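Reading the structure
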Amino acid sequence: FFVHRILTLNKTHCRFLFLVIKDGDGRITGKDALKFFAMSKLSRPELKQVWAIADSKRQGFLGFQEFIGAMQLVSLAQEGHEINQDILSNADLESLKPPAMEAPRQPEAPPSARWFSSKSSKKIPLKSVTSIVDGLKKLYIEKLKPLEVTYQFNDFVSPLLTNSDFDARPMVMLLGQYSTGKTTFIKHLLKSTYPGAHIGPEPTTDRFVVITSGPDERSIPGNTIAVQADMPYGGLTAFGSAFLSKFECSQMPHPLLEHITFVDTPGVLSGEKQRTQRSYDFTGVTSWFAAKCDLVLLLFDPHKLDISDEFKRVIGSLRGHDDKIRVVLNKADQVDTQQLMRVYGALLWSLGKVLNTPEVMRVYIGSFNDKPVNEAAIGPIGKELFEREQEDLLSDLKDIPKKACDRRINEFVKRARAAKIHAYIISHLKKEMPAMMGKAKTQQRLIDNLEDEFAKVQKEFHLPPGDFPNVEQFREVLSGYNIDKFEKLKPKMVQAVDDMLAFDIPELLRKFRNPYE
């Protein structure tokens, strides 16, 4: 294939170029870029800036849309423009002249996929790894998954990861008591309502709703979405049919949903209502989603600052995900400036009793709906404050896709450390069991004194206490198992995970950094 000397920068021609130089997986890696973009005759510092802007999400590769942007940046650089973050939004792309490029090489044979189809771990060819996420998949299958399977990590802590867990879009979950504006907040961001949305002063959203991108507007029942291999919700089947009947996926075509998935939740009950027990483990479900999400928004209403017992349990279930939590004081234009100061102080006081952190939680103040701000109540200063707070929150949301790859690495490392500690705990309990007599009594003693056993493991392997699982939850799961059938410690498996954390992941990040650095 040859590229014409005069290349019009429309999508058809860019797609042609993209098909020529890609490796068959829909990605242009740094290795491909070094060969292809060298034909533009731009300097290395210029190409470094082109890559940094095109790969703004820092995934280590260019997709089709990013490739189009890179080609436009190359053309602008050849015309003598200074390359910066805002150049594409300010440039006249319609009249942009084509870049001078030579013919690229023939495409190579496509690599093998379907790494997750086998239940056992297997060696994956290094040439098949064309992105940071691919590298994490390879490390998980070869090194971390065997440890998780051996010590039943999936039963105690988190289900085994699937291909869709790695490829899923970033998620944002909204939590709060009923009528704090969760659904309205999503509607405000999308500038339209989503299929199945209900808004009202009463508890209208009675189910967990995942709002994601799709070719048409439709709602998919929870039982259906949980068994779809390309969706990362298979782990929710552990909560049973009672939950799945209260879970659905709402699909709609929208540019924002191509980058972020939203999770709308039922209003947390308060007062007399929380005595009516839900038919599923609400706290467990929120904890599951919190582990998957990139951001968790806690919404409060100026008239609903009390934190009920259920809400306290929900916030407690977010333990370990403190960096993801953002607090939003919504509908703040319903009170005047003096009252808002008192409400803000009362909210921080209430949160201080629930969130056991010395740092002050970031609170965004505003009225996140499509109605104009009630300036009569808050005055011009309040209006300016709301606008600046809204800009800060939207900026936080816009950064999510860019930080998604870094977040995935962070969550992967957290999971690896949790799996290693889990292996130490399980093997320690196995070691404490007698060889012949008194197994039942010993097991009961170990379960009753689980906190002391955790302390022994911590002291023996010099582990940080904050990385250990919740004692009560672990005890509850452990009571259903025969400790005598657990595996003994396998040092080679643990060492493989240690090597992965110390060498493999840093090497992966080095391999897929900006190729022009």
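Residues numbered from 1 in each chain as written. Predicted model: local features only at pLDDT ≥ 70, side-chain atom pairs only at ≥ 80, totals over all residues. Heavy atoms only, no water.

**A few points about helix α3 (residues 44-54)**
Here α3 has its buried residues at Leu47, Val50, Trp51, Ile53 and Ala54. Along the long axis of α3, the arc covered by the buried residues comes to 165°, so they all point the same way. If you follow the buried residues of α3, they end up packed against β1 (28-29), α2 (30-36), β2 (61-62) and α4 (64-78). (Buried < 20%, exposed > 50% of the residue type's maximum accessible area, 1.4 Å probe, protein only. Helix = DSSP H or I, 4+ residues; strand = E, 2+ residues; numbered from the N terminus. Arc of directions from axis to C-beta. Contact = heavy atoms within 4.5 Å.)

**Digging into the pairing of strand β7 (residues 261-264)**
By the alternation rule, side chains of β7 split into Thr261 and Val263 and Phe262 and Asp264, which are all buried. One ladder, built from four bridges, connects strand β3 (residues 171-176) with β7; its direction is parallel. Bridge pairing in β7 places Met173 opposite Val263. One ladder, built from three bridges, connects strand β4 (residues 208-213) with β7; its direction is antiparallel. Each residue of the ladder has a partner; that of Ile211, found in β7, is Phe262. (Pairing = 2+ DSSP bridges.)

**Quick notes on the nonpolar core**
One finds Tyr233, Phe247, Phe289 and Leu298 to be the most contacted residues of the largest nonpolar core, which totals 48 residues. In this structure Phe289 touches Met173, Phe208, Val210, Tyr233, Leu236, Phe243, Phe247 and Val263, once residues within four positions along its chain are discounted. In terms of nonpolar packing, the next biggest core, distinct from the first, is built from 45 residues, Val133, Ala423, Leu463 and Val471 among them. (Core = buried A, V, L, I, M, F, W, Y, C linked by side-chain atoms within 4.5 Å.)

**Quick notes on the packing of aromatic side chains**
Throughout the structure, instances matching the rule amount to 25 aromatic pairs. Measuring from centroid to centroid gives 5.6 Å for Phe208 and Phe243, while their planes differ by 65°, and the two rings are edge-to-face. A residue pair is termed long-range when its members are at least 10 positions apart, and Phe208 in strand β4 and Phe243 in helix α11 (residues 240-244) qualify at 35 residues. Residue Phe208 shares its accessibility class with Phe243, and that shared class is buried. Taking the centre distance of 6.2 Å and the plane angle of 55° together, the rings of Phe247 and Phe289 count as tilted. In this pair, Phe247 sits in strand β6 (residues 247-252) while Phe289 sits in helix α12 (residues 282-292), placing the two residues 42 residues apart along the sequence. (Phe/Tyr/Trp six-rings, centres within 6.5 Å; stacked < 30°, edge-to-face > 60°.)

**Points about the UniProt feature "domain: EF-hand" (unreviewed entry) in the protein**
Feature annotation in UniProt assigns "domain: EF-hand" (unreviewed entry) to the following positions: residues 42-77. In the segment residues 42-77, helix accounts for 69% and strand for 6%; the C-alpha atoms at its two ends are 8 Å apart. (UniProt positions renumbered as here; feature names shortened; annotations may be inferred.)

**Brief notes about the sheet that holds β7**
Pairing between sheet strands relies on hydrogen bonds along the backbone, with the strands arranged either parallel or antiparallel. Across the sheet, which stays open at both edges, the eight strands sit in the order β5-β6-β4-β7-β3-β8-β9-β10 with mixed pairing between neighbours. Edge positions in the sheet fall to β5 (218-221) and β10 (363-365), since each of these pairs with one other strand and no more. Each strand of the sheet is rotated relative to its neighbour by a mean of 25°, with strand direction disregarded. Judged from the five bridges that link them, β3 and strand β8 (residues 295-300) form a sheet pairing that is parallel. (Axes fitted to C-alpha atoms, helices over the stretch in contact; angles between N-to-C directions.)

**A word on the confidence of the model for the protein**
Residues at a pLDDT of 70 or more form 85% of the protein, whose mean pLDDT is 82. For the protein, helix α1 (residues 11-21) is the element with the lowest average pLDDT, namely 52, and β7 is the one with the highest, namely 93. Segment residues 1-9 is flagged for pLDDT under 50; beyond a separation of four residues in sequence, or across chains, it makes 27 contacts in the model. Residue range residues 104-113 is modelled with pLDDT below 50. Its contacts to residues more than four positions away, or to other chains, number 23 contacts. (pLDDT = per-residue confidence, 0-100.)

**A short note on the pattern of salt bridges**
All told, the structure shown has 24 salt bridges when counted by the stated rule. For the salt bridge of Lys430 with Asp484, the shortest nitrogen-to-oxygen distance reads 3.7 Å. One end of the pair, Lys430, is in helix α15 (residues 375-432); the other, Asp484, is in the loop between α18 (471-478) and α19 (491-511), and 54 residues separate them in sequence. Between Lys439 and Asp484 there is a salt bridge, and its shortest N-O distance comes to 2.9 Å. Of this pair, Lys439 sits in helix α16 (residues 439-448) while Asp484 sits in the loop between α18 and α19, and the two are 45 residues apart along the sequence. One salt-bridge network, in which partners are shared between bridges, spans Asp134, Lys137 and Asp167. (Salt bridge = Lys/Arg side-chain N within 4 Å of Asp/Glu carboxyl O.)

**A word on the layout of surface pockets**
To find the voids left in a structure, one rolls a probe of water-molecule size over its atoms. There is about 1500 Å³ of room inside the second largest pocket. Elements represented by at least two residues in the lining of the second largest pocket include exactly α3, α4, α8 (163-167) and α15. A per-element tally of the lining of the second largest pocket places α15 first, with eight residues. Split into classes, the residues belonging to the lining of the second largest pocket amount to 20 nonpolar, nine polar and 10 charged. When residues of the lining of the second largest pocket are assigned to domains, at least three map to each of domain 1 (1-79) and domain 3 (168-371). (1 Å grid on protein atoms, 1.4 Å probe; cavity = no way out; pocket = protein on both sides within 12 Å on 5 of 7 lines; lining within 4 Å. Points joined across faces, edges and corners; volume = space filled by probe spheres on them. Nonpolar A, V, L, I, M, F, W, Y, C, P; charged D, E, K, R; others polar. Domains from an automatic or database assignment.)

**Focus on the environment of Ser43**
Take Ser43: it is sitting in the loop between α2 and α3. Residues Ser43 and Tyr516 lie 473 residues apart in sequence; the distance between their C-alpha atoms is 9.8 Å.

**A few points about the pairing of β8**
Burial within β8 is extensive, with six of its six residues counted as buried. When β8 meets strand β9 (residues 325-329), the two strands line up parallel, connected through five bridges. Each residue of the ladder has a partner; that of Phe300, found in β9, is Leu329. A crossover links β8 with its parallel partner β9, the connecting element being helix α13 (residues 309-316), and its sense is right-handed. (Right-handed = clockwise from strand over helix to strand, strands pointing away.)

**Quick look at the environment of Met101**
By secondary structure assignment, the location of Met101 is in the loop between α5 (87-90) and α6 (132-150). Measuring from C-alpha to C-alpha, the distance between Met101 and Ser40 comes to 5.4 Å, with 61 residues separating the pair along the chain. Not counting residues within four places of it along the chain, the set of residues in contact with Met101 comprises Phe36, Phe37, Met39, Ser40, Met71 and Val74.

**As for the packing of α6 against α19**
Packing of α6 against α19 leaves a shortest axis separation of 10 Å and a crossing angle of 170°. Classified by the angle between their axes, α6 and α19 sit roughly antiparallel to one another. Across from Ile132, Gly135, Leu136, Leu139, Lys143, Leu144, Pro146, Leu147 and Thr150 in α6, the residues of α19 making contact are Met493, Val494, Ala496, Val497, Met500, Asp504, Ile505, Leu508 and Leu509. A class-by-class count of the residues in the contact of α6 with α19 yields 14 nonpolar, two polar and two charged. (Parallel < 35°, antiparallel > 145°, perpendicular 65-115°, else oblique.)

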